[in-house]
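Coordinate analysis (summary)
Okay, here's what each chain looks like letter by letter:
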Amino acid sequence: MAETLIMLDINFIRDNLEKVKKSVEGRSADVDLDKLLKLDVERRESIIKIDELRTKRNEAAKARDKGLGVRVKGELQELEKKLSETEKQYNNLMLQMPNILLDEVPIGDATQNKIIRKEGEPPKFSFKPKDHIELGKLLNIIDFDRGVKVGGFRGYFLKNEGARLHWAVLNFAFDHLTQKGFQAIVPPVINRRFALIGGGQFPWGEEDTYKVGDEDFLVGTAEIPLMAMHSDETFDIKDLPKKYIGMSACFRTEIGSYGKDTKGLYRVHEFYKVEQVILCEADEQQSLGFFEELQDNSEDILEELGLPYQVVILSSEDMGKKAALTYDIETWMPGRGNYGETHSNSIVLDFQTRRLKIKYKDQDGNLRYCHGLNNTAIASPRILIAILENFQQEDGTIKIPEVLQKYTGFSEILPK
């Protein structure tokens, strides 16, 4: 009998059908709930019958009734074959089930995203500001032409002070969060399929994921290996929460965003990211508290950098299928004349931990699935767009935020 994969709790689905339907419809997810429930009934009925036949088979063996044993064996093989096919269909449908939406998620497409606050004032220039593409060329810190020659579409080279600024931002965020008690990790970026299924990146994001072997992939975020690190493990409640900060290269094919942001550093195939991940007890209020903590951490970083931003609650169709609630931070980018997404903060509840079988023993000794959360602390080179464009001077000089100067070793980038 095939192992049953665990995604959402099927008991929860049966007991909260209207809530589940609302989440499926709100996300425009392609899941046949009626078929799923029918397969679940067939699966449970087959398991009961198989158990009964196995009992009969054992009784026939004890009684040395070969005729009964042969008949039972035939029925058992037929039922096990049927169950295997039923579970295959059932598991495929369960893999497509998105997480349940929390009540505050706006229902609809991206037009329903809700801005909940703005922080900082966009700079007012006495001159026409340049975008980061112009600045990169003027300062000799970004080379897109040679990047495309070597790396293909969306390729780039960061050079000179641009390369040092890139590492300065990442190291600043990494230090900022390790000082807050997060455990520092550099994870593997080549991950096996189970990690991407468990992390909820598959099946929905497979087209945006680079495949490097039969079952190996380049991850688009350190969240995936940080979650999979504890797959099939059980914690004692005293060991929670687990707080990790991971720095890694990230890779995305961006097939799903074909035609969008084709110029510059906003949407590239490879970049670096500092990612926050928390595993905690299965308590929604505690999870929401950590969600706010992660949000504060990301906002602290932007405030230290002196960048204006806005916080947005993503709508049901715009957020990832694995998240129950997502806040994006969009940072002001003068070259776009608008805010651009730079951070994402998600509470996932037990969606990933069920897939990865990450549990803990509560105070009563009961086994429960942990809750999971993830948050972008910083991603570069996208954040460089905001830094270069917001702190430019009329002659193209870039003033470096004070908190980064100990990492860069310089306070400004001058035109060449």
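Refer to the structure printed above.
Quick summary incoming for the structure in this document. Just so we're clear, the structure is a prediction, and the values are computed from it rather than from any experiment.

1. Description of the overall build of the protein
Along the backbone of the protein there are 13 helices and 18 strands. Seen along its three principal axes, the alpha-carbon backbone of the protein occupies a region of about 95 × 45 × 35 Å. When each of the 416 residues of the protein is scored for burial, the buried share is 51%. Within the protein, the 69 negative side-chain charges are centred at a point lying 5 Å from the centre of the 58 positive side-chain charges.

2. A word on unusual backbone geometry
With an omega of 5°, the peptide bond between L240 and P241 qualifies as cis. Position of P241 relative to the elements: it lies in the loop between β8 (234-236) and β9 (242-251). Each neighbour pair has its own omega, and for S380 with P381 the value is 25°, a cis peptide bond. Here R154, not a glycine, exhibits a phi torsion of approximately 70°, which is positive. Structurally, R154 is set in the loop between α6 (144-151) and β3 (157-158). Exposure remark for R154: the relative accessible area of 8% places this residue in the buried category. Phi at K357 takes a positive value of approximately 60°, unusual for a residue other than glycine. For K357, the location among the structural elements is in the loop between α11 (351-356) and β14 (359-361).

3. Topic: the sheet that holds β14
If you trace the three strands from one edge of the open sheet to the other, you get β8-β14-β15, paired in mixed fashion. Of all strands in the sheet, those bounded by a partner on one side alone are β8 and β15 (367-369). Put simply, the sheet's adjacent strands are angled 35° from each other on average, direction ignored. Pairing between β8 and β14: three bridges, direction parallel. Bridge pairing links F235 to Y360 in β14.

4. Focus: the packing of helix α7 (residues 160-178) against helix α12 (residues 382-390)
When two helices pack together, their arrangement is given by the angle between the helix axes and the distance between those axes. Two elements in contact, α7 and α12, have axes whose closest approach is 10 Å; the angle formed by their N-to-C orientations is 110°. When the axes of α7 and α12 are compared, the pair comes out roughly perpendicular. In the packing of α7 onto α12, the handedness of the crossing is right-handed. Contact residues: α7 offers G162, L165, H166 and V169, while α12 offers I383, L384, I387 and L388. A class-by-class count of the residues in the contact of α7 with α12 yields six nonpolar, two polar and no charged.

5. A short note on the sheet that holds strand β13 (residues 338-349)
Strand order in this open sheet of eight strands is β1-β11-β12-β13-β16-β10-β9-β4, and the pairing throughout is mixed. Edge strands, defined here as strands with exactly one partner in the open sheet, are β1 (114-119) and β4 (183-185). Neighbour-to-neighbour, the strand axes of the sheet open up by a mean angle of 20°, direction not taken into account. One ladder, built from 10 bridges, connects β9 with strand β10 (residues 270-280); its direction is antiparallel. Within the sheet, the bridge partner assigned to K242 lies in β10 and is L279.

6. Here we look at the nonpolar core
One finds L165, V274 and I378 to be the most contacted residues of the largest nonpolar core, which totals 64 residues. Ranked by residues supplied to this core, first place goes to α7 with seven residues. With residues near it in sequence (within four places) discarded, L165 still touches L384, I387, L388, I400, L404, T408 and I413. I185, A222, M227 and I358 belong to the second-largest nonpolar core, a separate cluster that totals 22 residues.

7. Focus on the pattern of salt bridges
All told, the structure shown has 20 salt bridges when counted by the stated rule. The salt bridge involving R14 is made with D40; its shortest N-O contact spans 2.4 Å. Within this pair, whereas R14 is found in helix α1 (residues 10-15), its partner D40 is found in helix α3 (residues 33-63), the two being separated by 26 residues in sequence. On the basis of relative accessible area, R14 is assigned to the partly exposed category, the value being 29%. We classify D40 as buried; its relative accessible area is 0%. Salt-bridge contacts for K322 lead to E223; the nearest nitrogen and oxygen are separated by 2.8 Å. Note that K322 is positioned in the loop between β11 (309-313) and β12 (325-333) and E223 in helix α9 (residues 223-228), a separation of 99 residues in sequence. Pair check on accessibility: K322 and E223 agree, each one buried.

Thresholds applied
Residues numbered from 1 in each chain as written. Predicted model: local features only at pLDDT ≥ 70, side-chain atom pairs only at ≥ 80, totals over all residues. Heavy atoms only, no water. Helix = DSSP H or I, 4+ residues; strand = E, 2+ residues; numbered from the N terminus. Buried < 20%, exposed > 50% of the residue type's maximum accessible area, 1.4 Å probe, protein only. Lys, Arg positive; Asp, Glu negative; His and termini not counted. Charge placed at Lys NZ, Arg CZ, Asp CG, Glu CD. Pairing = 2+ DSSP bridges. Axes fitted to C-alpha atoms, helices over the stretch in contact; angles between N-to-C directions. Parallel < 35°, antiparallel > 145°, perpendicular 65-115°, else oblique. Left-handed = near helix turned anticlockwise from the far one by under 90°. Contact = heavy atoms within 4.5 Å. Nonpolar A, V, L, I, M, F, W, Y, C, P; charged D, E, K, R; others polar. Core = buried A, V, L, I, M, F, W, Y, C linked by side-chain atoms within 4.5 Å. Salt bridge = Lys/Arg side-chain N within 4 Å of Asp/Glu carboxyl O.

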